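Structural overview for review
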Amino acid sequence: LINSKDFEVDEKKVEILREFDGIIVPGGFGASGVEGKILAIKFARENDIPFLGLCYGFQLAVVEFARNVCNLKGAHTTEVDPSTPYPVIDLLPWQKELLKEKKYGATMRLGGQIVKIKRGTLAFSLYKKDEVIERFRHRYEVNPEYVNVLEKNGFVFSGFSKKEENIMQIGELPKHKFFVGTQFHPEFTSRVLRPNPLFDGFINACISG
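A brief structural summary. Note that the structure is a prediction, hence the values are computed from the model and not measured.

We now examine the packing of helix 2 (residues 34-46) against helix 3 (residues 56-68). Interhelical geometry of helix 2 versus helix 3 gives an angle of 70 degrees and a closest axis separation of 9 Å. Here helix 3 runs roughly perpendicular to helix 2, going by the angle between their axes. Residues Val34, Glu35, Lys37, Ile38, Ile41, Lys42 and Arg45 of helix 2 form the contact with helix 3, whose own contacting residues are Tyr56, Gly57, Leu60, Ala61, Val63, Glu64, Phe65, Arg67 and Asn68. Classifying every residue of the contact of helix 2 with helix 3 gives 8 nonpolar, 2 polar and 6 charged.

Shown next as C-alpha cells:
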C-alpha cells in the first residue's frame, strides 16, 4: 500500500513505483491524494507498467491523459475542481438537474449494470463477451463532450453503458502492456477461484514482466 500524498510532497518519490510489477489505483472520493494518484498513473503510462484503475482510478487516468497527452492543461474532475477549464469528468445533465432539487441519492449509479464491450479491444479479449454485468457505485462520469479528443489522441473507450452509449465504462491504451480503467468495481464480482477477467489479465501482465 503506497500513500499517494507522499508523491505530492516530493514528486521524485514516484520512482519507488519502478520496483513494482503493477499498479492499481482504487476507488475513492474527494481531493485527498488526488494529484499523487495522477502522478502514479502518469508514471505507469510512461514506463509501460501494468495499470488497473478502478472507478476513481479510471476517472483520474482520464484526467492524466487529458492533461499530459491531449494538452488540456488544468483538466480535472469537477468533484475536485468545479472551475476546471476542461471538465473531462463531470456530472451528467440529468444528474445536475436532480441535484438542483436536492435529490442526492438518485444521482448515484448503484448495483449491477450491463456493459457493452467493443470487439477488437483488450477488454473484449479478456471477457470474450459482447456484454457483461458489473457492479457500480459512483456519481461522476467521463464527460461525453471530451470523448472524441481523448480517442483522437489514442485513449480507447472499450466499454460503455447499454442504455446510453455516450456513457463510457471502460478505457484502455492499446500500445501499453496493460493499461485499463473501469468505472465499475470488478472487485465486487471477483472470487479467489473465479477471478474477474480484468484482475486475471492484470496479474498475468504483471507475471509476464
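What follows deals with the packing of aromatic side chains. As enumerated under the stated definition, the model contains 5 aromatic pairs in all. Grouped by ring-pair contacts, the aromatic residues Phe65, Phe155 and Phe157 constitute a single cluster.

Turning to the sheet that holds strand 7 (residues 141-142), a few remarks are in order. The 3 strands are arranged 3-4-7 in an open sheet whose pairing can be described as mixed. Sheet topology places strand 3 (76-77) and strand 7 at the edges, where each strand pairs with a single neighbour. Note: strand 4 (residues 87-90) against strand 7, 2 bridges, orientation antiparallel. If you follow Ile89 over to strand 7, its bridge partner there is Val142. Of the strands in this sheet, strand 3, strand 4 and strand 7 touch helix 3, which is tilted by about 170 degrees from strand 4.

Attention shifts here to the environment of Gln183. Mapped onto the secondary structure, Gln183 falls in the loop between strand 10 (179-182) and helix 7 (197-208). Excluding its chain neighbours within four sequence positions, the residues that come into contact with Gln183 are Cys55, Phe58, Gln59, Phe136, His138, Tyr140, Glu141, Met168 and Gln169.

So, about the nonpolar core. Judged by nonpolar contacts, the single largest core of 38 residues is most densely connected at Phe51, Val62, Val88, Val142, Leu150, Phe155 and Phe157. Among the secondary structure elements, those contributing two or more residues to this core are strand 1 (23-25), helix 2, helix 3, strand 4, helix 6 (147-152) and strand 8 (156-161). Among the elements that make up this core, the one with the highest residue count is helix 3 (8 residues). With residues up to four places along the chain from it excluded, the contact list for Phe157 reads Phe58, Lys118, Val142, Val147, Leu150, Glu151, Met168, Ile170 and Gly171.

Before going further, it helps to spend a moment on the pattern of salt bridges. Tallied over the entire structure, the rule returns 7 salt bridges. A salt bridge links Glu35 to Arg67, with the nearest nitrogen and oxygen atoms 2.9 Å apart. With Glu35 in helix 2 and Arg67 in helix 3, this pair connects stretches of sequence that are 32 residues apart. With a relative accessible area of 33%, Glu35 lands in the partly exposed category. Judged by relative accessible area, which is 15%, Arg67 ranks as buried. Linked through salt bridges whose partners overlap, the residues forming this network are Lys42, Arg45, Glu46 and Glu64.

Our next topic: a nonpolar patch on the surface. On the surface, Ile2, Ile16 and Phe20 cluster together into a nonpolar patch covering about 230 Å² of accessible area. Inspection of the secondary structure assignment puts Phe20 in the loop between helix 1 (5-9) and strand 1. Here Phe20 falls in the partly exposed class, since its relative accessible area comes to 37%.

In this structure, the largest pocket spans a volume of roughly 420 Å³. Taken together, the elements giving at least two residues each to the lining of the largest pocket come down to helix 1, strand 1 and helix 2. The element that contributes the greatest number of residues to the lining of the largest pocket is strand 1, accounting for 3 residues. Looking at side-chain class alone, the lining of the largest pocket contains 10 nonpolar, 6 polar and 2 charged residues.

This part covers unusual backbone geometry. For Cys55, which is not glycine, the phi torsion reads 60 degrees and is therefore positive. You can see Cys55 is positioned in the loop between strand 2 (51-54) and helix 3.

Reading the values: the criteria
Residues numbered from 1 in each chain as written. Predicted model: local features only at pLDDT ≥ 70, side-chain atom pairs only at ≥ 80, totals over all residues. Heavy atoms only, no water. Axes fitted to C-alpha atoms, helices over the stretch in contact; angles between N-to-C directions. Helix = DSSP H or I, 4+ residues; strand = E, 2+ residues; numbered from the N terminus. Parallel < 35°, antiparallel > 145°, perpendicular 65-115°, else oblique. Contact = heavy atoms within 4.5 Å. Nonpolar A, V, L, I, M, F, W, Y, C, P; charged D, E, K, R; others polar. Phe/Tyr/Trp six-rings, centres within 6.5 Å; stacked < 30°, edge-to-face > 60°. Pairing = 2+ DSSP bridges. Core = buried A, V, L, I, M, F, W, Y, C linked by side-chain atoms within 4.5 Å. Buried < 20%, exposed > 50% of the residue type's maximum accessible area, 1.4 Å probe, protein only. Salt bridge = Lys/Arg side-chain N within 4 Å of Asp/Glu carboxyl O. Patch = residues over 30% accessible without salt bridge, like charges linked within 9 Å, V, L, I, M, F, W, Y side chains within 5 Å. Areas by Shrake-Rupley, 256 points an atom, 1.4 Å probe, with all protein chains shown as cover. 1 Å grid on protein atoms, 1.4 Å probe; cavity = no way out; pocket = protein on both sides within 12 Å on 5 of 7 lines; lining within 4 Å. Points joined across faces, edges and corners; volume = space filled by probe spheres on them.

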